[in-house]
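Here's the letter readout for the chains.
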Amino acid sequence: MRIWLDGVLKDVGSAHVSVLDHGLTVGDGVFETLKAERGKAFALTRHLERLTRSARGLGLPDPDLDEVRRACSAVLEANPVEHGRLRITYTGGVSPLGSDRGDAGTTLIAAVAPSARRPDTTAVVTVPWVRNERSAVAGLKTTSYAENVVALAAAHRAGASEALLANTVGRLCEGTGSNVFVVLDGELHTPPLGSGCLAGITRALIVDWAGAKETDLPFEALEHAEEVFVTSSLRDAQAVVRIDDRELATGPGPVTAEVMRIFEVKAASDIDP
């Protein structure tokens, strides 16, 4: 594997980040995960816009998007994959041991690796932990990811691929690394950004392409939904057939199946929508 690190392509064995990097010591960094298809990054412009928004939310300097584009192109060319995960990481760089930032400059990393295509269906669980919609980092894609690691591990122990969370006032929010959509009385809904959820790239495209409504919903809406699906850059739209011990279906429902069809057609026609 060849990795882009601060302006240079390096072999994975020599791509070293300082142990004093603020992204490591205090999670002071942001990142993006993109789908790579046959050497091309999907929705790159939208991801770079969100990378900038997240960096600004942390008070980091705006990333040099021309350099980020060069980094993505370089690793995709150096690591040919039919279907893969492209990861961009941007941190506060080498800093003192503490929350204060240093003045050594930021760190930029880009890497890509093969990734299996997701199945059409999955199982999810609900967990007791919540998203803080009033947090200073609500809606930002930061490297402070420990709570997602804990919740996702709980999902895996239960034989599921994702955990769904409420926010602090008991409203439906998101998954650890996905957005959630529900079908109620035949209509498609997803929580609004004010719930504290991430402004997912796939989420936004499905809202635009499939006409989903952004609706403030109680967490209990999951118990009554006719269909549920989760979305992310690598999942696209993935039908949920089991929530905790409740079996919803054996395959994608009619609304979910139509969303999956629309997304596949639209995404195939434009690599950077």
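Criteria and thresholds
- Residues numbered from 1 in each chain as written.
- Predicted model: local features only at pLDDT ≥ 70, side-chain atom pairs only at ≥ 80, totals over all residues.
- Heavy atoms only, no water.
- Pairing = 2+ DSSP bridges.
- Helix = DSSP H or I, 4+ residues; strand = E, 2+ residues; numbered from the N terminus.
- Contact = heavy atoms within 4.5 Å.
- Axes fitted to C-alpha atoms, helices over the stretch in contact; angles between N-to-C directions.
- Patch = residues over 30% accessible without salt bridge, like charges linked within 9 Å, V, L, I, M, F, W, Y side chains within 5 Å.
- Areas by Shrake-Rupley, 256 points an atom, 1.4 Å probe, with all protein chains shown as cover.
- Salt bridge = Lys/Arg side-chain N within 4 Å of Asp/Glu carboxyl O.
- Core = buried A, V, L, I, M, F, W, Y, C linked by side-chain atoms within 4.5 Å.
- Buried < 20%, exposed > 50% of the residue type's maximum accessible area, 1.4 Å probe, protein only.

(A) Layout of the sheet that holds strand 3 (residues 29-37). One open sheet accounts for six strands, arranged 2-1-6-5-3-4; its pairing is antiparallel. The sheet is open, and its two borders are formed by strand 2 (8-11) and strand 4 (40-41), each paired with just one other strand. One ladder, built from two bridges, connects strand 1 (residues 2-5) with strand 6 (residues 107-114); its direction is antiparallel. If you follow Leu5 over to strand 6, its bridge partner there is Ile109. Taken strand by strand, helix 3 (residues 65-78) contacts strand 1, strand 2, strand 3, strand 4, strand 5 (83-91) and strand 6, and its axis lies near 170 degrees from that of strand 1.

(B) Looking closely at a nonpolar patch on the surface. On the surface, a nonpolar cluster with roughly 500 Å² of combined accessible area is contributed by Val19, Leu20, Leu24, Val94 and Leu97. Within the secondary structure, Leu97 sits in the loop between strand 5 and strand 6.

(C) Just the nonpolar core, in detail. If you look at the biggest cluster of nonpolar residues, it comprises 23 residues, and the most contacted ones within it are Trp4, Val68, Leu86, Ile88, Tyr90 and Val112. Going through the elements one at a time, strand 3, helix 2 (44-58), helix 3, strand 5 and strand 6 are the ones with two or more residues in this core. The element that contributes the greatest number of residues to this core is helix 3, accounting for six residues. Sequence-distant contacts of Trp4, that is, excluding residues within four places in its chain, are made with Leu9, Glu67, Arg70, Ala71, Ala74, Val75, Leu108, Ile109 and Ala110.

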